[in-house]
Amino acid sequence: MFAEFELVYHNQYNKAFSNPEKLSYAKKIWFSNLRHISPERIIAATHRAIRESEFLPTVKGILKYCEPDLRELGLPDSHSAYMEACRAPQPKAEYNWSHSAVYHAGRACDWFFLAGTAEHTAYPVFKRHYEDICQRVINGETLSLPAQIALPETLSKPLSPDEQRQRMQQLRDELDI
């Protein structure tokens, strides 16, 4: 990681770690903060930091890059998720969602609110709910869609007019009407 940082962020690296003592101390600090993460994940985070940042990352920056990317977890970006939630047909629970987090964020916002409110008002509300739910997914929570209760296979037969009159009379007698 430090070798790659030295090559990519040459001037910043040399300024930050100007002598061997500073470099040695920095490596100890970084090790104590990253030792719970696998080496493969750290290298992947290093490469991601190099791709996405023009500045030498901090320990906190590398820890952030160690978190899985939303795309790795199959989660769409917040605006795509908002558009999907707004366009999904009824019944919402039966729709084939790109990720169940989109459904849960839409439900948390209220489907009626999403359908009847302008995007400039509804999107920030949806985004806040979606980001909270995405954080739960990143932390390992598994979200599921609500189970759909199937209709009974046999439907009851309607009563004939005579049977309806008999039942109505029976109810009147019970209620003393």
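In this text the structure is predicted, and so the values were computed from the model without any measurement.

A. The arrangement of the packing of aromatic side chains in detail. One pass over the structure, following the stated rule, counts 13 aromatic pairs. Both rings, one in Phe 2 and one in Phe 5, keep their centres 6.5 Å apart while their planes meet at 70°; by these two values the pair is edge-to-face. You can see Phe 2 and its partner Phe 5 sitting in helix α1 (residues 2-8), three residues apart, about one turn around the helix. For Phe 5, a relative accessible area of 0% corresponds to the buried category. Between Phe 5 and Trp 30, the aromatic rings sit 6.0 Å apart at their centres with planes inclined by 65°, giving edge-to-face as the arrangement.

B. Expanded view of helix α5 (residues 59-66). Listed as buried for α5 are Val 59, Gly 61, Ile 62, Tyr 65 and Cys 66. Down the axis of α5, the buried set is contained in an arc of 160°. They therefore lie on one face. Residues Lys 60 and Lys 64 are exposed on α5 and point more than 90 degrees away from its buried face. Next to the buried residues of α5 lie α1, α3 (20-34) and α4 (39-52).

C. Up close: the side chain of His 99. The topology assignment puts His 99 in the loop between α6 (78-87) and α7 (100-109). Note on His 99: relative accessible area 16%, which makes it buried. Those residues in contact with His 99 that lie beyond four places of it in its chain are Leu 73, Gly 74, Leu 75, Pro 76 and Val 137.

D. Just the environment of Gly 140, in detail. Residue placement: Gly 140 occurs in the loop between α9 (119-138) and α10 (161-175). In this structure Gly 140 comes out as exposed when scored by relative accessible area, which is 54%. For the pair Gly 140 and Ala 108, spaced 32 residues apart in the sequence, the C-alpha separation amounts to 20 Å.

E. Highlighting unusual backbone geometry. Look at the link from Gln 90 to Pro 91: it is a cis peptide, with omega at -10°. Phi is positive for Asp 110, close to 90°, though the residue is something other than glycine. Position of Asp 110 among the secondary structure elements: in the loop between α7 and α8 (111-116). The class of Asp 110 is partly exposed, set by a relative accessible area of 40%.

F. Up close: the pattern of salt bridges. Summed over all chains, the structure comprises four salt bridges. In this structure, Glu 131 engages Lys 127 in a salt bridge whose closest nitrogen and oxygen atoms are separated by 4.0 Å. Here the residue Glu 131 and the residue Lys 127 both occupy positions in helix α9, the gap between them amounting to four residues, near one helical turn. Residue classification places Glu 131 among the partly exposed positions, given a relative accessible area of 43%. For Lys 127, a relative accessible area of 31% puts it in the partly exposed group. Residue Glu 141 is joined to Arg 136 by a salt bridge in which the shortest nitrogen-to-oxygen separation is 2.8 Å. Assessed through its relative accessible area of 37%, Arg 136 is described here as partly exposed.

Rules used throughout
Residues numbered from 1 in each chain as written. Predicted model: local features only at pLDDT ≥ 70, side-chain atom pairs only at ≥ 80, totals over all residues. Heavy atoms only, no water. Phe/Tyr/Trp six-rings, centres within 6.5 Å; stacked < 30°, edge-to-face > 60°. Helix = DSSP H or I, 4+ residues; strand = E, 2+ residues; numbered from the N terminus. Buried < 20%, exposed > 50% of the residue type's maximum accessible area, 1.4 Å probe, protein only. Arc of directions from axis to C-beta. Contact = heavy atoms within 4.5 Å. Salt bridge = Lys/Arg side-chain N within 4 Å of Asp/Glu carboxyl O.

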